Amino acid sequence: RDILPESSAEGEPHVGQEPSPGNSRRRLLELIERPESFPLPDPPAARTAVRLAQAAQDVRSEAMAYREWGRALQDGDNREVSQRHLERALALARDAGLRQVEAEILHTLGIVLGYRDNRERQMECWEQGLRICREIGDRRREGEALRDIGFALRWRDNLTESVGYMRQSLDICRETGNR
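Cut-offs used in this document
- Per chain, residue numbering runs from 1 following the sequence as it is written.
- Under the rules for a predicted model, residues below a pLDDT of 70 receive no local features and side-chain atom pairs below 80 are neither given nor counted, while totals for whole chains, interfaces and linings still include all residues.
- For the side-chain quantities, the full set of heavy atoms in the structure was used; hydrogens and water were omitted.
- Secondary structure follows DSSP: runs of H or I at least 4 residues long count as helices, runs of E at least 2 residues long count as strands, and numbering of each begins at the N terminus.
- Expected span of a helix, by definition, is 1.5 Å for each gap between consecutive residues, and there is one gap fewer than residues.
- When a residue's accessible area, from a 1.4 Å probe over protein chains only, is under 20% of the maximum for its type it is buried; when over 50% it is exposed; and in between it is partly exposed.
- Only heavy atoms enter the contact rule, under which two residues are in contact if any of them lie within 4.5 Å.
- Taken from the helix axis, the directions to the C-beta atoms give the arc we talk about.
- The salt bridge definition used is simple: a Lys or Arg side-chain nitrogen within 4 Å of an Asp or Glu carboxyl oxygen.
- Note on definitions: the grid is 1 Å and covers protein atoms alone; a cavity is a set of points where a 1.4 Å probe fits but cannot get out; a pocket is an open set with protein on both sides within 12 Å along at least five of seven lines; lining residues have an atom within 4 Å of a point.
- Grid points are joined across faces, edges and corners, and a volume is the space filled by probe spheres set on the points.

### Looking at helix α5 (residues 99-115)
Logical step 1: With 17 residues, α5 should cover 24 Å at 1.5 Å per step; its first-to-last C-alpha distance of 25 Å lies within 8% of that length.
Logical step 2: Within α5, 12 of the 17 residues are buried, which leaves it mostly tucked inside the rest of the structure.
Logical step 3: Taken together, the buried positions of α5 are V101, E102, A103, E104, I105, L106, T108, L109, G110, V112, L113 and G114.
Logical step 4: Among the structural elements, α3 (59-73), α4 (79-96), α6 (119-136) and α7 (139-155) are those in contact with the buried residues of α5.
Logical step 5: After α5 finishes, the residue D117 shows a positive phi value of roughly 60°.

Structure, rendered in structure tokens:
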């Protein structure tokens, strides 16, 4: 099912009609900026969001749409495809200098890499994301990155180091009010 309305008085394209940059931008921004409006897990909706972002020539939204597409596939049998979409999203974000988007994608890519038993690369992604969060001053996501690294260290039976990351994460969560 396509996410575009079948008809609209506001100039939205009809299902099956190619979106134009002017009439797809509003719907695209709604899908990307308000993830709760994004019907996940729904790979066809994510594919449509990628198409809309490309038509609007909006690299940030295209990267986020590829991220959502990767997220939509991360829990099934398509984790390799999920990883490819996330790597595409990461390349777009890096090329455009979208540091916060890059950190978000690295987080999701780390999850998928863990599912695929690539723990070394998972840790690399999460450490890169942590560095970015610190560079841009995103304390909430910094706390989340510290938590993820703490869990990864715990899975590796490195409990002492894990506790250190978890404590840092907890301190930031308290500071930011993030539960």
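Moving on from the model shown.
### Observations concerning helix α8 (residues 159-176)
Logical step 1: Over its 18 residues, α8 runs 25 Å from end to end, which matches the ideal 26 Å to within 8%, given 1.5 Å per residue.
Logical step 2: When we look at burial in α8, the residues that qualify are S162, Y165, S169, I172 and C173. With its buried residues spanning 105° around the axis, α8 presents them on a single face. For α8, the exposed residues set more than 90 degrees away from the buried face come down to T160, R167, R174 and E175.
Logical step 3: If you follow the buried residues of α8, they end up packed against α6 and α7.

### Observations regarding the pattern of salt bridges
Logical step 1: Enumeration according to the criterion identifies 19 salt bridges in this entry.
Logical step 2: Of the charged contacts in the structure, one is a salt bridge between E104 and R67, with a shortest N-O distance of 4.0 Å. Of this pair, E104 sits in helix α5 while R67 sits in helix α3; the two residues are 37 residues apart in sequence, bridging distant segments of the chain. We note that E104, like R67, is buried.

### A short note on the layout of surface pockets
Logical step 1: What the largest pocket holds in volume is close to 220 Å³.
Logical step 2: Along its surface, the largest pocket is lined by 13 residues, and A103, E104, H107, R141 and E144 are the ones closest to its centre.
Logical step 3: Contributing elements (two or more residues each) for the lining of the largest pocket: α5, α6 and α7.
Logical step 4: Broken down by element, the lining of the largest pocket gets its largest block of residues, 5 residues, from α6.

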